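One-letter residues, chain by chain:
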Amino acid sequence: MTAHPYTLYIKNMVCPRCIKAVTDILQELGIRPLAVELGMAALPVTPDKDWLNRLDVALEAQGFSRLEHPLEQLAEQIKNAVIELTHYRDGDRHINLSDYLSDRFHKDYSTLSKLFSEQTGTTLEKYAIAQKIERAKELLTYGELTLNEIAYRLDYSSAAYLSTQFKKTTGMTPGQFKKEASGRKPLTDV
């Protein structure tokens with residue numbers, strides 16, 4: 001291994017437990033990462049091919065995979081930015097998604113949206129809505145917030161609009177979902 005910083009891009013890292021799992025894998029393979037965030041890990045050295053092969057096996061065993069192509073890496077980074085904004089930044093509501101992504105990636109939103117669609121087979125807008133609906137499901141399951149409060153947290157103009165989009169996406173109203181409370185998906189499957 002060469003002593004140059006190296007960034008790994010990793011698919012399916014969607015939560016703090018994923019960050020811990022990838023950190024543990026790297027340490028088990030003998031490298032203490034400089035940083036691990038959703039979708040990426042910064043290493044203090046450039047790994048050799050044998051180490052990367054062992055890493056691929058260890059990642060796959062945990063449901064992750066390494067991304068090598070720059071366009072795949074960017075699409076995964078966009079996914080992770082949407083997940084982070086929707087699920088982990090409750091204090092940052094009312095941020096325009098297109099502005100947020102454009103600022104974060106220093107690219108025009110239409111460019112990011114086109115690349116995302118080409119790489120994932122779905123539109124960025126549909127992906128963002130799916131993430132918001134999964135977050136709404138999570139919040140409904142907890143039962144601590146009203147539908148109005150959930151709509152506000154997820155930056156919907158009204159509870160009625162959230163309800164309409166929820167039903168269109170899931171086939172049931174938020175009230176029906178709350179009664180059943182079993183329709184949540186893992187974030188990697190959204």
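Now for a description of the structure that goes with this document. (Residues numbered from 1 in each chain as written. Predicted model: local features only at pLDDT ≥ 70, side-chain atom pairs only at ≥ 80, totals over all residues. Heavy atoms only, no water.)

## Some details on the sheet that holds strand β2 (residues 35-37)
Ordered by their spatial adjacency, four strands build an open sheet running β2-β3-β1-β4, and the pairing between neighbours is antiparallel. One side of each edge strand has no neighbouring strand; the edge strands of this open sheet are β2 and β4 (65-67). Strand-to-strand twist in this sheet, taken as the mean axis angle between neighbours without regard to direction, amounts to 30°. Together, β1 (6-11), β2 and β3 (40-43) form the strand contacts of helix α1 (residues 16-28), whose direction differs from that of β2 by roughly 145°. (Pairing = 2+ DSSP bridges. Helix = DSSP H or I, 4+ residues; strand = E, 2+ residues; numbered from the N terminus. Axes fitted to C-alpha atoms, helices over the stretch in contact; angles between N-to-C directions. Contact = heavy atoms within 4.5 Å.)

## What about helix α3 (residues 70-87)?
Over its 18 residues, α3 extends 25 Å from the first C-alpha to the last, a length consistent with the 26 Å expected when each residue adds 1.5 Å. The buried fraction of α3 amounts to 13 of the 18 residues, a majority that puts the element mostly inside the structure. (Expected span 1.5 Å × (residues − 1). Buried < 20%, exposed > 50% of the residue type's maximum accessible area, 1.4 Å probe, protein only.)

## Looking at the pattern of salt bridges
Pairing is possible between side chains of opposite charge, provided their charged atoms come close. Counting across every chain of the model gives eight salt bridges. With a closest N to O distance of 3.9 Å, lysine 114 and glutamate 118 form a salt bridge. Here lysine 114 and its partner glutamate 118 are both found in helix α5 (residues 109-120), four residues apart, which amounts to about one turn of the helix. Under the relative-accessibility criterion, glutamate 118 is labelled exposed at 56%. By sharing partners, the salt bridges in this structure join Asp56, Arg66 and Glu68 into a single network. (Salt bridge = Lys/Arg side-chain N within 4 Å of Asp/Glu carboxyl O.)

## Some points on the pairing of β1
Sheet analysis places β1 next to β3, joined by four bridges and oriented antiparallel. Note that in β3 the partner of leucine 8 across the bridge is alanine 41. Sheet topology note: the β1/β4 ladder contains three bridges and is antiparallel. Among the inter-strand pairings, tyrosine 9 is bridged to a residue of β4, identified as leucine 67.

## Observations concerning unusual backbone geometry
You will see that histidine 106, though not glycine, has its phi angle at about 55°, which is positive. For histidine 106, a relative accessible area of 71% translates into the label exposed. Despite not being glycine, aspartate 155 has its phi angle at roughly 65°, a positive value. By the element assignment, aspartate 155 lies in the loop between α7 (147-153) and α8 (159-170). For aspartate 155, a relative accessible area of 35% gives the class partly exposed.

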